[in-house]
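Spelled out, the chains give:
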Amino acid sequence: AQSVAQPEDQVNVAEGNPLTVKCTYSVSGNPYLFWYVQYPNRGLQFLLKYITGDNLVKGSYGFEAEFNKSQTSFHLKKPSALVSDSALYFCAVRDISSYIPTFGRGTSLIVHP
Amino acid sequence: DAGVTQSPTHLIKTRGQQVTLRCSPKSGHDTVSWYQQALGQGPQFIFQYYEEEERQRGNFPDRFSGHQFPNYSSELNVNALLLGDSALYLCASSLTSNEQYFGPGTRLTVT
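Residues numbered from 1 in each chain as written. Chains lettered and ligands numbered in written order. Predicted model: local features only at pLDDT ≥ 70, side-chain atom pairs only at ≥ 80, totals over all residues. Heavy atoms only, no water.

**Student:** Could you clarify how one ought to interpret the nonpolar core in this entry?
**Tutor:** Within soluble globular proteins, side chains that are nonpolar generally end up buried alongside one another. Membership of the largest hydrophobic core comes to 27 residues, with the highest contact counts inside it found for Trp35(A), Leu47(A), Leu48(A), Phe74(A), Leu76(A) and Tyr89(A). Contributing elements (two or more residues each) for this core: β2 (10–14), β3 (19–21), β5 (31–38), β6 (44–50), β8 (64–68), β9 (73–78), β10 (87–95) and β12 (107–112) of chain A. Counting residues per element, this core draws most heavily on β10(A), at four residues. Beyond its immediate stretch of four places on either side in the chain, Phe74(A) contacts Cys23(A), Leu33(A), Phe34(A), Trp35(A), Leu48(A), Lys49(A), Tyr50(A), Ala65(A), Glu66(A) and Phe67(A). Val4(B), Phe60(B), Leu108(B) and Val110(B) belong to the second largest nonpolar core, which has 20 residues in total. (Core = buried A, V, L, I, M, F, W, Y, C linked by side-chain atoms within 4.5 Å. Buried < 20%, exposed > 50% of the residue type's maximum accessible area, 1.4 Å probe, protein only. Helix = DSSP H or I, 4+ residues; strand = E, 2+ residues; numbered from the N terminus. Contact = heavy atoms within 4.5 Å.)

Listed below in structure tokens is the structure:
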């Protein structure tokens, strides 16, 4: 079985400050990990993924994520937040033996001007 | 290059009715997955189609069925609608089951 936990329902950060959105996962084998963003009344947009290789993954819009195998975490980060980053963020995990990702409940990111 | 498209955008049905939702995948993608997203929740996997066959299915009743056509487009059918079926239905396409590209969704309201 595979599962994802996003421990924070909401993250608040001031514009220009660094942001972190947390994600931990559980899979029986090696994980494929993903981050998606969802704006109101829209579908999900792919941000970045970890399949193999470097633990630090760079994605769209200046976001990056760090894969930590020992802590089974894949936290999303950005050095300087923008008000336009305010949205709902979903972490997803897929065991390499499965075709299907499991999504977390989502974290609402609010960036204050 | 067109992304994933879904129709209709919004739909209102009454309990017991049947509904069909449609999805066209991103150009070049051969795999289509359907998700149900209830308010305040993450997407829940319904099923995935590849080469016109249902490849994997989530924990949804048989009232939920689907189809994939030779051009890779797909339909989701829900029979005997319940109030609890009200949700945003998302279609996602992919190639080789890596990152998925989502459509804007169909908002289904069951009254």
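**Student:** Explain the side chain of Asp95(A) here, please?
**Tutor:** Residues and elements named next belong to chain A. Position of Asp95 relative to the elements: it lies in strand β10. There is no salt bridge for the buried Asp95, and the closest opposite charge comes from Arg94, which lies 7.5 Å off by N-O distance. Polar side-chain contacts of Asp95 include one of 3.1 Å to the side chain of Ser28. Look past the residues within four positions of Asp95 in its chain and what remains in contact with it is Gln2, Val27, Ser28, Gly29 and Asn30. (Lys, Arg positive; Asp, Glu negative; His and termini not counted. Salt bridge = Lys/Arg side-chain N within 4 Å of Asp/Glu carboxyl O. Polar contact = N/O pair within 3.5 Å; in protein donor to acceptor, adjacent residues only side chain to side chain.)

**Student:** Would you mind showing me how to read the environment of Lys13(B) here?
**Tutor:** Residues and elements named next belong to chain B. With respect to the helices, strands and loops of the structure, Lys13 is situated in strand β2 (residues 10–13). Overall, the relative accessible area of 21% leaves Lys13 in the partly exposed class. Measuring from C-alpha to C-alpha, the distance between Lys13 and Leu82 comes to 9.6 Å, with 69 residues separating the pair along the chain. In this structure Lys13 touches Gln18, Val19, Leu81, Leu108, Thr109, Val110 and Thr111, once residues within four positions along its chain are discounted.

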